[in-house]
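# Close look at the chain arrangement
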Amino acid sequence: MSTENLPQSPDSPSRKPRVAVVFGGRSSEHGISVVTAGAVLKAIDRTRYDVLPIGITQDGRWALTADEPERMAIAERRTPSVDQLAESTEGAVVLPVDPADREVVYSEPGSVPKALGEVDVVFPVLHGPYGEDGTLQGLLELSGIPYVGSGVLSSAVGQDKEYMKRVFTSFGLKVGPYLVIRPREWARDEAAARKRIVDFAGEHGWPLFVKPARAGSSIGITKVDDLSGLDDAVAEARRHDPKILVEAALRGREIECGVLEFEDGPRASLPAEIPPPDTHAYYDFEAKYIDSTPGMVPAPLTDEETAEVRRLAVEAFDAASCEGLVRADFFLTEDGEFVINEINTMPGFTPISMYPQMWQATGVSYQELVDLLIQAALRRSTGLR
């Protein structure tokens, strides 16, 4: 591959900040991450920032990709992949390991490595394990490169639904009934592990939701209406994560709220309501991204309910020590109580995703949202803070 057209390091000391948009990754949410990256790349103000797109393939290679957002959209009900966008099947992008050096290098077998210039901030739009869960954040901390979004601990807490719920409970936020089955429980006594789920259903009733404990985008989740569907649901969840979470169904309305970090601290957006989809059992992956089931923005709540869910969303943000952005998901139960279901530290960020839609309704456009996140990251240092 010719390196003539690769991004060069500007000589001017007044150069624009360079933003590396990192996307794709090794998780089952690879495709949606690529779609998100396309929207972010399209929205970044090129008069203010230089941009370097870096895709991570599903086998973990960091690839240089073309800056072509139009190729990063869902087509024919299929999500794109980094392999389709990579400039080379063998070339690799390497981040610096010295915090004093932010020079990014591109290398191919048989070629002299090419410096791509310094990176001032990383915008990681990866979803799920190996990206949203603190692993990439740890790498960036070691490299000394600021990045958009939460740090190592907050990202890990936001990815692991068990520990997320434990943190929320310790801060006085109400969560619904849940059960965790760890991998060693299946290995030690599968029948006993299954009995724990059956006993949980006996206590809380059907249906149950069986989920991977550390996944997102509703991937691997099954709504189980009775005992006959349990084994298949467990198998599907374990296909994505050896640790699974079982939740009792909560009767109520699904309400979401976005949190964004401003210079004076985090603020909450107007909330949205996710109505039950007509053609899906619940708000699953296809309802979210393929069929684009519309949410109601803003949610038809009373002023008091709106104020309360916004307060609770910021409380959840602070409880998990989050930074940058969070989407907080709640149930508004029939008795008028908000129960937090989960937070997402890097929520779906396509233009049709609820997080940008909620901020649009609050008065912050998609382009402004991207800029605010980059500016918040540039204000922060890496390391303990």
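Residues numbered from 1 in each chain as written. Predicted model: local features only at pLDDT ≥ 70, side-chain atom pairs only at ≥ 80, totals over all residues. Heavy atoms only, no water.

## Points about the sheet that holds strand S6 (residues 114-118)
Hydrogen bonds along the backbone pair up the strands of a sheet, which may run parallel or antiparallel. Spatially, the three strands line up as an open sheet ordered S4-S5-S6, and their pairing is antiparallel. Of all strands in the sheet, those with a lone pairing partner are strand S4 (92-94) and S6, marking the two edges. Taken pair by pair, the neighbouring strands of this sheet meet at an average axis angle of 25°, ignoring direction. In this sheet, S6 lies alongside strand S5 (residues 103-107) in antiparallel orientation, the contact comprising four bridges. (Pairing = 2+ DSSP bridges. Helix = DSSP H or I, 4+ residues; strand = E, 2+ residues; numbered from the N terminus. Axes fitted to C-alpha atoms, helices over the stretch in contact; angles between N-to-C directions.)

## Quick look at the side chain of glutamate 342
Assignment of secondary structure puts glutamate 342 in strand S16 (residues 338-344). The side chain of glutamate 342 is buried and forms no salt bridge, while lysine 161, the nearest opposite charge, is found at 4.1 Å. At a separation of 3.1 Å, a polar atom in the side chain of glutamate 342 contacts the side chain of asparagine 344. Among all residues touching glutamate 342, those that are not within four sequence positions of it are Lys161, Met164, Lys211, Arg327, Ala328 and Asp329. (Buried < 20%, exposed > 50% of the residue type's maximum accessible area, 1.4 Å probe, protein only. Lys, Arg positive; Asp, Glu negative; His and termini not counted. Salt bridge = Lys/Arg side-chain N within 4 Å of Asp/Glu carboxyl O. Polar contact = N/O pair within 3.5 Å; in protein donor to acceptor, adjacent residues only side chain to side chain. Contact = heavy atoms within 4.5 Å.)

## Brief notes about the nonpolar core
Of all hydrophobic cores here, the largest spans 35 residues; its most connected members are Val21, Phe23, Val40, Ile44, Phe123, Phe349 and Val370. Elements represented by at least two residues in this core include exactly strand S1 (18-24), helix H1 (30-43), helix H2 (82-85), strand S7 (121-124), strand S12 (252-262), helix H11 (354-362) and helix H12 (366-379). If sequence neighbours within four positions are ignored, valine 370 has contacts with Val40, Ala43, Ile44, Phe123 and Phe349. Val259, Ala299, Leu301 and Ile340 belong to the second largest nonpolar core, which has 27 residues in total. (Core = buried A, V, L, I, M, F, W, Y, C linked by side-chain atoms within 4.5 Å.)

## Some details on helix H7 (residues 190-204)
When the terminal C-alpha atoms of H7 are compared, their 21 Å separation across 15 residues agrees well with the 21 Å that a helix rising 1.5 Å per residue should span. Along H7, the residues classified as buried are Ala193, Ile197, Phe200 and Ala201. Seen along its axis, H7 keeps its buried residues to an arc of 100°; they face one direction. Turned more than 90 degrees off the buried face of H7, the exposed positions are Ala191, Gly202 and Glu203. Where H7 is buried, its residues touch strand S8 (178-181), helix H6 (183-188), strand S9 (208-212), helix H8 (230-240) and strand S11 (244-248). Of the residues flanking the start of H7, the one acting as N-cap is aspartate 189, its side-chain oxygen 3.3 Å from the backbone nitrogen of alanine 191. At the exit of H7 stands glycine 205, carrying a positive phi of roughly 85°. (Expected span 1.5 Å × (residues − 1). Arc of directions from axis to C-beta.)

## Digging into the packing of aromatic side chains
For the structure on display, the rule yields five aromatic pairs. Each ring, one from phenylalanine 330 and one from phenylalanine 338, has its centre 6.2 Å from the other, and the planes form 80°; the classification is edge-to-face. Residue classification places phenylalanine 338 among the buried residues on the basis of a relative accessible area of 8%. Each member of the aromatic cluster is reached from another via a ring pair, and the members are Phe123, Phe349, Tyr355 and Tyr366. Here arginine 166 stacks its cationic end above the ring of tyrosine 163, 5.9 Å away from the centre of that ring. (Phe/Tyr/Trp six-rings, centres within 6.5 Å; stacked < 30°, edge-to-face > 60°. Lys NZ or Arg CZ within 6 Å of the ring centre and 35° of its normal.)

## With respect to the packing of H1 against H12
It is the contact of H1 with H12, at a shortest axis distance of 9 Å, that shows an interaxial angle of 90°. Our classification of the angle between H1 and H12 gives roughly perpendicular. Taken together, the residues of H12 that come into contact with H1 (itself represented by Thr36, Ala39, Val40 and Ala43) are Tyr366, Gln367 and Val370. Of the residues that constitute the contact of H1 with H12, the class distribution is five nonpolar, two polar and no charged. (Parallel < 35°, antiparallel > 145°, perpendicular 65-115°, else oblique. Nonpolar A, V, L, I, M, F, W, Y, C, P; charged D, E, K, R; others polar.)

## Describing the pattern of salt bridges
Under the criterion given, the structure shown has 27 salt bridges. Put simply, arginine 15 and glutamate 118 hold a salt bridge, and the shortest N to O gap is 3.3 Å. Here arginine 15, found in the segment before S1, pairs with glutamate 118, found in strand S6; they are 103 residues apart in sequence, far enough to count as distant. For the salt bridge of arginine 182 with glutamate 162, the shortest nitrogen-to-oxygen distance reads 2.3 Å. Linking arginine 182 in the loop between S8 and H6 with glutamate 162 in helix H5 (residues 161-170), this pair joins segments that are 20 residues apart in sequence. Overall, the relative accessible area of 0% leaves glutamate 162 in the buried class. One salt-bridge network, in which partners are shared between bridges, spans Glu141, Glu261, Glu323, Arg380 and Arg385.

## Section: the pairing of S5
Because side chains alternate across S5, one face comprises the buried residues Val104 and Tyr106, and the other comprises Glu103, Val105 and Ser107, none of which is buried. Taken together, the three bridges between S4 and S5 define a ladder with antiparallel strand orientation. Bridging from a neighbouring strand, valine 93 pairs with tyrosine 106 of S5. Between the end of S5 and the start of S6, which pair antiparallel, lie six residues, with glycine 110 showing a positive phi angle near 85°.

## Regarding the sheet that holds strand S2 (residues 50-56)
Spatially, four strands are ordered S3-S2-S1-S7 in an open sheet, and the strand pairing comes out mixed. Every interior strand has two partners, whereas the edge strands, strand S3 (62-64) and S7, have only one. Put simply, the sheet's adjacent strands are angled 30° from each other on average, direction ignored. Here H1 sits on the sheet and contacts S1, S2 and S7; the angle it forms with S1, its principal contact strand, is near 155°.

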